[in-house]
Each structure stands twice: as structure tokens, then as C-alpha cells.
Amino acid sequence: MDKLSSLAKFKASCPFLGRTKTSTLRTLCTSSSPRYPSLSKLTEKATECPVMGPALQLRSHQMVAGYASVAGNAEFNKIHQQKGVFPVPTGSADMQKCPHAAKALAAARMAEDLAKAKEKKAKAAEAARAPSTSKAAAAAPAACPFHAESASKAAKVGFDYEQFYVNELEKKHQDASYRYFNNINRMASKFPIAHTGNPKDEVEVWCANDYLGMGNNPVVLETMHRTLDTYGHGAGGTRNIAGNTGMHLALEEELASLHRKPSALVFSSCYVANDATLATLGSKLPGCVYFSDSMNHASMIQGMRHSNAKRVIFKHNDLEDLEAKLQQYPKETPKIIAFESVYSMCGSIGPIKEICDLAEQYGALTFLDEVHAVGLYGPRGAGVAEHLDWQAHKRAGQSPEPIKGSVMDRIDIITGTLGKAYGAIGGYIAGSTDFVDMIRSYASGFIFTTSLPPTNMAGARASIVYQKEYLGDRQLKQLNVRALKSKFTALDIPVVPGPSHIVPVLVGDAALARAASDTLLADHGVYVQAINYPTVARGEERLRFTVTPGHNVEQIARLATAVDTVFTQLSIPRASEWAARGGRAGVGIPDAKPVEPIWSDEHLGITDGTAPRQLHAGEKRHIDPRAVRVVRERFEDLLGPVETPTPAKAAVPQGMTMPAPPVMHAPTPIAAAA
């Protein structure tokens, strides 16, 4: 009912369509009503119209009657036989197999929702007819509600707040930076497949930050179910008031051990962790000066602003510029160098060791954001700082003690997230005991917010423990990243060069990036989000692909073909075209040196033949039984031992195998892995 192209011709005759921007109509057309799932938001809006309301009711009844009138015809029985749906479907599950029956059901649902909307409108009208002393109400004509809305706006005095909102949104539409949120529902049993607003409309997800697929790891889900049964859902309050559970304390101990730091503190997100920590530090340290990389995340920028401390911005990853700025301040001045390990929109990696050298030389603290690196780099998944001293950390095993002189030990403050590679939610800081205690005692973003539920804390900890014990997921992810980058390069697709797992593809135009994202989703079943200003600079708009260990060889090949087709269809510049223009965002830069991946052949196991094998269609992801055992043992103090599996078997998540958990606590048992 909501074809956008058909609506345009009615703009002149309908006040609502006439004054509503096309971009807004598009959103209303493509968004389901929260109250009436079979209707779009635009259709729900139309039920309020004195013209369209009755017309919608009539049309829906005609559709239902039309399907019902032919439901028993002989030719439809024949269609059922041809499609393998015979005898004629009667149950709801069987009826969904038949296009005719399914459409009849959909029409019936729509008619039911329209009737509910009409009933709601009638009740509202009855309430409006109640006696009123307002002269304005008495004089209001019984006309189109949208005309009436315009009249009421004209009668208002003072500042026009609604018009202000409209104008601000229009700015976003004009520069093509308005964000559209797609309805994407990742399916635990089919990772990395998701469905859209229609549960039957499945797509491949190529931009999720659940980098390792830990959001549906069986032992993580098992642990969360056991915790839910034991402790319930909510935390019960702030950390100071009933929300400080054993699961929170155990997770913080696990995070401190991961980074070989004395202490750690969990926040509701890493945005909050960065904001609260930087705001507190900058406001407490007398005369503090921040030195901030120009590509730092918004959470870091916001935290520095909230501190009211002076902020000096240095060019991205430019050590000479950083040192020149550090030299301008006395060594006695409190200074903090804030930077990231992996910059998520371009895929570059910060020069961590060299920044530590400068910090020690000029008397500065180091604040390292490892959000897009924890879980993904290093032999235990502690991040890039660990990765840079691979052999030393590998030899140290799971000891929580610091490795003196290592890069990770030289970093003063590490922040990370639980919501990306670990597939959970939350953020954290790690550092010295007194530093963490000071933030705990002064940071409003920590003190005055409800703590995360024990179930989430347990899932995050289970994920961290599993990844500390099992390297294969990280290796397989990086092998898939190499494969996709190679295919894109062969097709002249402009990949922004970088040593990390991020695969940014340059488009260079906001509208084109949005169109490419829409076309990939609509025509190829590929979901990848367009990245526009202000996340990236204007003229450097891009598609940001993230590959997981769960993507198989065939999916990677299909993605490359789909992107190649869309680039041709929309005339998006190729890598060779950017080179002819002199290059942009690292693509096509003359005499540029090749960028080597931070994961070497030795790290990946290629050198010694231990690298995991890429998956093919239909193959199951490997779940490491030793890591599963360690996870279960780690939770015995709070949850008790996992019970012996019963002979009864439930369905195993599609594409995964692992040893069986207790049937009473988990949704799915986990079969023994080879």
C-alpha cells in the first residue's frame, strides 16, 4: 500500500503528503508499526485520515474476500500438488508454505490490524466530543486531522520547537548524513545470517561488530542461562546499592588478568567508560593537558571536553607532530596522550610502542582505547598491545602478573569493550589499583547508573575466558579477512589499505554510499552499513565490511561478486580511478608502500601448518572442548558444576558442535567436538 513512487502524484491533493519530506515518507513506508505489526507506520497514519481510513478498510476486506472466494478451487489444489504442499495445508505452519494461503493469512492480519486502528480512532473521537470549556475546541471543524494539526500549530505562541526539530533534521537530509536504521535481527542458530522486519526475509550480515560470533557461542549461552536461573535478570541497583554481585567482581578480576594489570572496573558501555574516565581525570589533575589523536572516537573527545581540560590535537598516527606539541609544555605539567590501537573506520593501527617512548620522555600518561582490538589480537586476545610482544605473552600463559618492559605493561590506562569481539555488552578500564579506585570513587558515569545484569556479566566473562584459551577463532577471522581483501583487490574495488581486520571500501559520496548499501541489501541479500560524515570526512564516505570466522568461502565469493556488480551498476569509482585522480583516503596514493597485516603467517599458523581451515557451505564451526571445560570450571564457585548430560537430546545450534550442557539450564546441548 505504501509504494513511494505512487505517493508522489498525490502530494498536491493531500496536505500531509504535500508537507512531508520524501525522506520522511520513505522512513514511514519502510518501518513497521509497533502497535500493528502487519502495517507500516505510514498505513497506520493513514487510518486517521477521513478519506484514506475508510478506503483502507474497504480494500482490506476486498482482499480477504478475494482470497477466500478461491481458496477451495480445484486449480489451487493442483498448485499445492505441484509445489509439494499436499494435501491442502490446514495448519498455520503448512499454510505458510503455500503462497496463496500465506497471502490470505497476511491479508487477514492486515484487516484485523486496520480494524484495531479504526477502533482506537473511534475511541479517540468519542473522547474528543466530550464537553469542553475551550473556545478553540468548540470552534474546531470536523475536517482532516492534518489540516487541524496545522491550524493548532498556527495558534501557538512562543518558540516553535517542532519546526526547530524539522529544520535540524532537514540539514541532515540535505548533506545526506541522515542515518537510516535497518531492522536487522541476527539469528543465533544461523550466524552470520539475520532476518529483516519480515522473519522470512533472510540476509547475510557483513558489518556487525560481533567480530568472532561470540554472541551465539554455545558455552556462553549455556553460562548465561545457568546464571539467569540462579540470579534472575536485573542487577537490582547501582554498584553501591544492591548491584555489586559476585559476577561483576569476577568479571573485573578476569579483565585485570587479561591485561596483566592490578585492577579493572566495568561500566555500562565503553562510551561511558571513556567519557567518565577522561572527564574525571582531566578535571582532577591540576592543569592537565590532553594530547588527542585527530581520529579518536567520539566517546574520548566527549570525555576530554567534559573535563574542561586543555586539549591539543595531533595528526593521526604522526609521531613528529605529537612530539612537537609535547615539547611546548613543561615536563611537570600533567599530560595524558589519548589514542586508539585499531581505528575502526579506516583500519589503521596506532604506533603504541613509539607513543610509550614519547610519554616516558615527556612525563605523560598513556590512555589506550583497545575497543576494536580486545578479543582479536594477541595470543590470549588482550589486544594490539599484547600482540606486539606475542612470544613473551604466549610463554607467560594465563599468569596475571605483568611482563616488565612489555608494551602492554608500559601502557598506564587501557579501555576496552565487552560488546564487540566478546559479543556481550559493557565497557571497562584497566590500570593501577589506586587509579581504578579513584575513578570508581569520583566518576559520575559509574556511580549514578544501574549496573549491568549478572547474566550479561557472566556471558561476557565466559566469552573472555573462552577466547583466552582458544586462538583458532582469531586466526580464522584473519584468514577470511585476507581472502576478502584479495578478492576485492582483484576486482579493482577500492579497499582503504590497513593492517587490521577492518575492510573499508571507499565510495567517496554520501548519496552513493547510501545507494550502494540499499542496493546490496535489496538485490543481493547483503547487509553492510554506509559510513558517512561526521563518522568519516566528507568525500571519504565508505562501506565498512567486517568478516567473521563464521563466514564461509562461498559467502565471501558471493559478496565480492555482489559488490563488483553494484559498483558497476551505480558507477562508483574503482581503485584505478582514484589513482588517476591522485588518490584519496589512502586509496591510489602515488608511490605508497604496501601495508603489511599485523597478523603474520607465523601468527596465523601458516608457517607451521596449524592454521585453521576456512569453512565451506554446510560445514559447522569448531567449538574447542578444552576451552569449554575451562569456562565451566571457572564458574563452579558461583553456579556449581555442570550436571551430567541426560540421554535426552535437544537441537544443537545450526553450524556449531560442542560437549553437552545440562538440559535443565541450557536451551541447547553441545555435542562433543573432534
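Below you will find a few notes about this structure. Note that the structure is predicted; figures quoted are calculated from it, not measured.

So, about the sheet that holds strand 14 (residues 542-545). Strand pairing in a sheet relies on backbone hydrogen bonds, with the paired strands running either antiparallel or parallel. One open sheet accounts for three strands, arranged 11-14-13; its pairing is antiparallel. The open sheet has two edge strands with one neighbour each: strand 11 (503-506) and strand 13 (530-531). Looking at chain direction, strand 11 and strand 14 are connected through four bridges and run antiparallel. Within the sheet, the bridge partner assigned to Leu506 lies in strand 14 and is Arg542. Against the sheet, helix 24 (residues 472-490) engages strand 11 and strand 14, with an angle of about 15 degrees to strand 11. Here helix 25 (residues 510-524) sits on the sheet in contact with strand 13 and strand 14, set at roughly 45 degrees to strand 14.

Let us look at the nonpolar core. By size, the foremost hydrophobic cluster in this structure holds 71 residues, and its most contacted members are Phe291, Ile337 and Tyr466. The element contributing the most residues to this core is helix 23 (residues 454-469), with seven residues. With residues near it in sequence (within four places) discarded, Tyr466 still touches Met214, Asn217, Val219, Asp473, His622, Ile623, Asp624, Ala627, Val628 and Val631. In this structure, Ala194, Ala208, Phe488 and Ala516 belong to the second largest nonpolar core, which totals 33 residues.

Between the first and last C-alpha of helix 12 (residues 218-231) there are 20 Å, a value that for 14 residues agrees with the 20 Å anticipated at 1.5 Å per step. The complete set of buried residues in helix 12 reads Pro218, Val219, Val220, Glu222, Thr223, Arg226 and Thr227. In this fold, the buried residues of helix 12 make contact with helix 13 (246-258), helix 23, helix 29 (625-634) and helix 30 (636-639). Measuring from the backbone nitrogen of Val219 back to the side-chain oxygen at the start of helix 12 gives 3.1 Å, which picks out Asn217 as the cap. Phi turns positive, to about 80 degrees, at Gly232, one or two residues after helix 12.

On to the sheet that holds strand 6 (residues 310-314), then. Reading across from one edge, 4-10-9-8-7-5-6 is the order of the seven strands in this open sheet, with mixed pairing throughout. A single partner strand is all that each edge strand has here, and the edge strands are strand 4 (263-267) and strand 6. Neighbour-to-neighbour, the strand axes of this sheet turn through a mean angle of 20 degrees, independent of strand direction. Both strand 5 (residues 289-293) and strand 6 contribute to a ladder of five bridges, which runs parallel. Each bridged residue has a counterpart across the sheet, and for Asp293 the counterpart in strand 6 is Phe314. Together, strand 5, strand 6 and strand 7 (335-340) form the strand contacts of helix 16 (residues 319-326), whose direction differs from that of strand 6 by roughly 150 degrees.

Rules and cut-offs
- Residues numbered from 1 in each chain as written.
- Predicted model: local features only at pLDDT ≥ 70, side-chain atom pairs only at ≥ 80, totals over all residues.
- Heavy atoms only, no water.
- Pairing = 2+ DSSP bridges.
- Helix = DSSP H or I, 4+ residues; strand = E, 2+ residues; numbered from the N terminus.
- Contact = heavy atoms within 4.5 Å.
- Axes fitted to C-alpha atoms, helices over the stretch in contact; angles between N-to-C directions.
- Core = buried A, V, L, I, M, F, W, Y, C linked by side-chain atoms within 4.5 Å.
- Buried < 20%, exposed > 50% of the residue type's maximum accessible area, 1.4 Å probe, protein only.
- Expected span 1.5 Å × (residues − 1).
- Polar contact = N/O pair within 3.5 Å; in protein donor to acceptor, adjacent residues only side chain to side chain.

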